[in-house]
Amino acid sequence: MIRLLALLLRRDLARLLGAGQGGGALLPILFFLAVAMIFPFAVGPDTALLARTGGGVIWVAALLAAILPLDRLVQPDLERGMFDQWALRGIAEEWVMAARVISHWLSFGPPLMLAAVPAAALLGLSADNLRIVELGLLAGTPGLAALGVAIAAITAGLRGGAALAGLLLIPLGVPLLIFGAGSLSAGGASGLALTGAVSLVLLAVAPFAGGAAIRASRD
């Protein structure tokens, strides 16, 4: 089973990173940086204002960037009948979803954390604030990945499922955004702890919710 899961993880990661499929992992990162670049033009050259709001802008950009890969997480495999093939081989949908969460985070989370460095420079964040933002993204992006996979599984097969998935991710991801951005305020350690706690809950729930949704879509 471990060997099969490793093969699934390698396959999913190669597919999500593939540049030929909707831009691969590059498109969300470019979108993330584009938001960070446009925001200073919107609020003007007030460096103090940029420094106060920059952390929240990074979190909003991360949440919006997480929407872009949703249509590639589950729908293509469902259309090709891959979940039926895995079920015939005795691989439960929950294990497939767990591997999908890990691969989605690896293709999305670390690149986003790297992109936060130039984004912080554009927004005038201090080194201390950048460190807190990076810790928040480290704690929060696994939860975003888990939430994205679960939502993609729930909306797979529905007409307009990609748009619906994006609409669902925004409100459901708000707690991560609030706690992550709140970690930049005074006493921000509690914000980081709450971000990590929400992520852990999402990581625990997502494989089961996604697996149940896949089974329901096949029945």
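Calculation notes
- Residues numbered from 1 in each chain as written.
- Predicted model: local features only at pLDDT ≥ 70, side-chain atom pairs only at ≥ 80, totals over all residues.
- Heavy atoms only, no water.
- Helix = DSSP H or I, 4+ residues; strand = E, 2+ residues; numbered from the N terminus.
- Buried < 20%, exposed > 50% of the residue type's maximum accessible area, 1.4 Å probe, protein only.
- Contact = heavy atoms within 4.5 Å.
- Areas by Shrake-Rupley, 256 points an atom, 1.4 Å probe, with all protein chains shown as cover.
- Expected span 1.5 Å × (residues − 1).
- Bend = angle between axes of the 7 residues up to and from the residue.
- Salt bridge = Lys/Arg side-chain N within 4 Å of Asp/Glu carboxyl O.
- Phe/Tyr/Trp six-rings, centres within 6.5 Å; stacked < 30°, edge-to-face > 60°.
- pLDDT = per-residue confidence, 0-100.

S.K.: Honestly, the overall build of the chain in this entry has me stumped. Any pointers?
M.R.: Helix and strand counts for the chain come out as ten helices and zero strands. Across the chain, helices and strands are ordered from the amino to the carboxyl terminus as α-α-α-α-α-α-α-α-α-α. In terms of its C-alpha atoms, the chain occupies a principal-axis envelope of roughly 60 × 35 × 30 Å. Of all 219 residues assigned to the chain, the portion counted as buried reaches 45%. Taking the intrachain contacts of the chain between residues at least 6 apart in sequence as the baseline, contacts between residues at least 24 apart amount to 79%. Total accessible area on the chain is roughly 10,200 Å²; 73% of this is exposed by carbon and sulfur atoms.

S.K.: Teacher, can you tell me more about helix H7 (residues 127–155) here?
M.R.: Residue pairs spaced three or four apart in an α-helix point in one direction, given the helix's 3.6 residues per turn. The end-to-end C-alpha distance of H7 is 40 Å, a good match for the 42 Å that 29 residues give at a rise of 1.5 Å each. Taking the largest bend as the criterion, H7 deviates by roughly 35°, centred on Gly-140, and proline Pro-142 comes between one and four positions later. Burial of H7 is extensive: 22 of the 29 residues sit out of reach of the surface. Where H7 terminates, the next one or two residues include Gly-157, which has phi positive at roughly 85°.

S.K.: How should I be thinking about the environment of Pro-110 in this particular structure?
M.R.: Tracing the backbone through its elements, the reader meets Pro-110 in helix H6 (residues 93–123). With relative accessibility at 29%, the residue Pro-110 sits in the partly exposed group. Residues Pro-110 and Thr-141 lie 31 residues apart in sequence; the distance between their C-alpha atoms is 8.7 Å.

S.K.: Sorry if this is basic, but what is going on with the pattern of salt bridges here?
M.R.: Oppositely charged side chains may form a pair once their charged atoms are brought near each other. By the definition in use, this model includes seven salt bridges. Where Asp-77 meets Arg-11, a salt bridge forms, and the shortest distance between an N and an O atom there is 2.7 Å. Taken together, the residues Asp-77 in helix H4 (residues 75–79) and Arg-11 in helix H1 (residues 2–17) connect sequence positions 66 residues apart. The exposure class assigned to Arg-11 is partly exposed, which follows from its relative accessible area of 26%. The residue Arg-100 makes a salt bridge to Asp-77 at a minimum N-O spacing of 2.9 Å.

S.K.: So what exactly am I meant to see when it comes to the packing of aromatic side chains here?
M.R.: Ring pairs (aromatic) are described by centroid distance and by the angle formed between their planes. On inspection of all chains with the given rule, the structure shows one aromatic pair. When the ring of Phe-83 is compared with that of Trp-86, the centres are 5.3 Å apart and the planes differ by 85°; the resulting orientation is edge-to-face. You can see Phe-83 and its partner Trp-86 sitting in helix H5 (residues 82–88), three residues apart, about one turn around the helix. Its relative accessible area of 7% is what places Trp-86 among the buried residues.

S.K.: What am I meant to see in the confidence of the model for the chain here?
M.R.: Caution applies to low-pLDDT regions: their predicted coordinates should not be interpreted in detail. For the chain, the mean per-residue pLDDT works out to 85, and 94% of the residues sit at or above 70. Mean pLDDT in the chain bottoms out at H1, which sits at 79, and peaks at H7, which reaches 92.

S.K.: How do you make sense of helix H10 (residues 189–218) when you look at a structure like this?
M.R.: Here H10 contains 30 residues, and its C-alpha end-to-end distance of 44 Å stays within 8% of the 44 Å for a straight helix at 1.5 Å per residue. In H10, a bend of some 35° at Val-205 exceeds every other bend along the element, and Pro-207, a proline, comes one to four places later. When we look at burial in H10, the residues that qualify are Gly-191, Thr-195, Ser-199, Leu-202, Ala-206, Pro-207, Gly-210, Gly-211, Ala-213 and Ile-214. Here the buried face of H10 lies against helix H3 (47–65), H4, H5, H6, H7 and helix H9 (174–182).

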